[in-house]
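Residue-level listing of the chains:
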Amino acid sequence: MIVEWIRRIGAGTLESVRRMGLMGLFLAKTFLYTVIPPIKFSRVVKQIHFIGLQSTVVILLTGLFAGMVLGFQGYYSLSRFGSDAFLGPMVGLALIKELGPVLSALMVTGRAGSAVAAEIGIMRISEQIDALDLMGLNPYRYLIVPNMLAALISMPLLTAIFDVLGIFGGYLIGVKLLGVSSGVYFGEMSHYVEMADVLEGLYKSLSFGVLIAWVATFKGYYTGILTGFGAEGVSKATTQAVVLTSVLILVWDYFMTSALF
Amino acid sequence: MIKVEQLRKSFDGHVVLDGISFEIAKGEVVALIGGSGGGKSVLLKHLAGLMQPDSGRVIIDGVDLRKVRGSELRRLRDRLGFLFQGGALFDSMTVYENVAFPLREKTKMKEREIRSRVMRELELVGLKGAEDKYPSQISGGMVKRAALARSLVLDPEIMLFDEPTTGLDPVIGQSILELIDSCHQRISFTGIIVTHEIPRIFPFVDRVLMIYQGKLRVNGPPDEMMRSDDPVVKAFLGK
C-alpha cells in the first residue's frame, strides 16, 4: 500500500519533470527558429492583427475602467491622510509598473492565447501539422514563431494603450468627478513617475508576451499527446493554456517585481 | 526503392508491428490491407518518417530514415506525397490556396505559373469551379480530391495513401481509385495504398501486403491472394 503510494508519487513527479523538459525544449527551439531566418513575415503580420489589433477594444475598455476604479479607491484612501494631491502619481505608478502589464496580459491570454491554443490544437488533431511536416516545411516557422513575434510586438503596445486609458480613467474620476486639480494630477505624476518605472512595465509586458505565446502554442502543438485526441483534447488544451498562462503571469510578475524593486 | 527491415513498434506494451519486412520497387503500387487497428496507418507513418520504430529500419533509396534529421529529412520529404485519411487540408485556406501552398513554399514559380498549374491540377481531379471554397464548404469526396491534388502538385516520386476511400460512397470511392490510377499513369509514382476496399482495390495495384497480428501475412500479387488457401486470408476475403 505505502510502496504503491510512493510509486505513484514518483511516477507523477517524473511525468511532471518530463513535461517541463518538453516545454523547455519547445521554447528553446522557438527562440532558435526566431533568430535563424527565414521568418514568415506575412504570418507574423497576420498574428499581430489577431493578437494585437483585435485585442485593442478589450484593452481600451479594461484600461479605462481599471483607471476609473483606481481613481475612486486612490482618492478615498489618500484623502484620509490629506494626500489626495498624490492621486496622479498613485494611478500612474500602479498602472505603469503593475496593473497595465498584468491586466493586459491576462486579457490577451483570455482572448488570444486561448484561440491560438485551440487553432493549433485543431490543426494537430486534424493532421494539418503532419501535412506541413510532410511537405518538408517546418511547423515552428509557420505556426509557433509568428505567434511568438506577434506577442512580443503586440504586448508592449497593448500595455501602453492600457496605461494611457487607465491614466485617463483616473483623470475622469479624480479631476472631473472628485475635484482634484488637473495640473496637480498630471504635474505630480510627471514628477514622480520615472523612466525606470516605464521600463519596468515594458520588461514585464515583453516577458508576459513570451509566456502567453509559449504556453498557448505549446499546449496546442502537443494536443493529443498530452491532452488526448478529439474535441475533448482541444478543449483541455485550451483550458490548460489559459489557466497555466494566468498563473505563470502572476508568479513571474512577483519574481520580476522582486528583481526590479 | 523502399525497403523495410524487421520493423517493430508497440504502444504501452501492445505490439502493433512485430518484425515487418518487405521491399517495394520503383514505380510499383501496392495495397496495404489488414484489420482495423492492425497497424497499417502506423506502418505508413513510419514510411513517411512521422513515427520512429522501436527497432528495425525504413530505407528509401539507400537512406535510413532513422539517421536523417533536419534539412536532409526535409529534402527526402520533398520527394514524398501523403494523402491523409481526413484530407488534412488547411481549413483557413481555400481549395485553391491549399493546392497552391506547396508551390508557393517549395518552388520559385511566379504567381501566374502557379495559377495555371493549380487550375490544371484541380481540373484533373474534377474540382474546377470549387477553387474558392473552403474545406468546410465541400463534401468528403471533394476534400479527398483537393487533398490528392495538393499531394500531387509537386510530382512526388513516392505517394502514400491512408485509406483514400474511407467514408465515401461506393461510386465516389471508385472514382477516387480511378483518379489515383490515372495520376500514377501520368507521373509514375511509387505508391502504397492503405485500404479496406477488398477486392475493389486489386485492379489498381501490382501487389498486396496484408498485416495480421503485427506480422506480414501476405506479400504477393492480388490474384495469388485470391487463390490463397490460408484460412485467415480466406476469412478476410469473405470466402
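Keep in mind it's a predicted model, so treat the numbers as computed, not measured.

Examining the domain arrangement of chain B
Residues and elements named next belong to chain B. Along its sequence, chain B is carved into domain 1 (1-79 + 157-239) and domain 2 (87-155). Taking only C-alpha atoms, the centre of domain 1 and the centre of domain 2 are 25 Å apart. Listed as interface residues are 10 residues of domain 1 and, on the opposing side, 10 residues of domain 2. Looking at which element gives the most residues to the side of domain 1 that touches domain 2, the answer is helix α6 (residues 170-187), with five residues. Across the side of domain 1 that touches domain 2, the residue classes tally to eight nonpolar, one polar and one charged.

A look at the environment of Asn147(A)
In this structure, Asn147(A) sits in helix α6 (residues 139-177). Note: C-alpha distance between Asn147(A) and Val116(A) (31 residues apart in sequence) is 8.1 Å.

As for the interface of chain B and chain A
Accessible area lost upon the coming together of the parts serves often as the stated size of an interface. Residue-level contacts link 14 residues of chain B with 10 residues of chain A. Elements supplying a minimum of two residues to the side of chain B that touches chain A: α2 (70-77), β6 (80-83) and α3 (95-106) of chain B. Here the side of chain B that touches chain A gets three residues from one element, more than from any other, and that element is α3(B). Each residue belonging to the side of chain B that touches chain A can be placed in one class, and the counts come to eight nonpolar, one polar and five charged.

Overview of the nonpolar core
Counting 121 residues, the largest nonpolar core has Leu32(B) and Leu160(B) as the members making the most contacts within it. If you tally residues by element for this core, the top one is helix α4 (residues 87-125) of chain A, at 15 residues. Both domains that meet at this core, namely domain 1 (1-79 + 157-239) and domain 2 (87-155) of chain B, each give it at least three residues. Non-local contacts of Leu32(B), meaning those with residues more than four positions away in its chain, are made with Lys40(B), Leu43(B), Leu44(B), Ile192(B), Ile193(B), Val194(B) and Leu209(B).

Examining the sheet that holds strand β8 (residues 190-194) of chain B
The strands making up a sheet associate through backbone hydrogen bonding, with each pair oriented either parallel or antiparallel. Residues and elements named next belong to chain B. With respect to topology, six strands assemble into an open sheet ordered β6-β7-β8-β3-β9-β10, the strand pairing being mixed. What marks the edges here is a single partner per strand, and that holds for β6 and β10 (215-220). Pairs of neighbouring strands in the sheet enclose a mean axial angle of 15°, with direction left out of account. Strand direction decides the pairing type here: β6 and strand β7 (residues 158-162), joined by four bridges, are parallel. Bridge pairing links Gly81 to Met159 in β7. Lying on the sheet, helix α5 (residues 140-152) is in contact with β6 and β7; it crosses β6 at an angle near 170°.

What counts as what
Numbering of residues starts from 1 in every chain and runs along the sequence as written. Throughout, the order in which chains and ligands are written sets their labels, letters from A for the former and numbers from 1 for the latter. With pLDDT at 70 or above as the cut-off, local features in this predicted model cover only qualifying residues; side-chain atom pairs require 80 or more to be listed or tallied, and sums for whole chains, interfaces and linings still use all residues. For the purposes of this description, domain bounds are those given by an automatic or database domain assignment. Once C-beta atoms have been placed from the backbone, residue pairs whose C-beta atoms lie within 7 Å are recorded as contacts. Secondary structure counts use DSSP, requiring at least four H or I residues in a row for a helix and at least two E residues in a row for a strand, with both numbered from the N terminus. Classes in brief: Ala, Val, Leu, Ile, Met, Phe, Trp, Tyr, Cys and Pro nonpolar; Asp, Glu, Lys and Arg charged; the others, Gly included, polar. Think of a nonpolar core as buried Ala, Val, Leu, Ile, Met, Phe, Trp, Tyr and Cys residues chained together by C-beta atoms that fall within 7 Å. Think of it as a crowd count around each C-beta: if 20 or more other C-beta atoms lie within 10 Å the residue is buried, if 12 or fewer it is exposed, and in between it is partly exposed, with C-beta placed from the backbone throughout. Pairing between strands is defined by DSSP: at least two bridges between them are needed. Think of each axis as a best-fit line through the C-alpha atoms, taken over the contacting stretch in the case of a helix, with angles from 0 to 180 degrees between the N-to-C directions.

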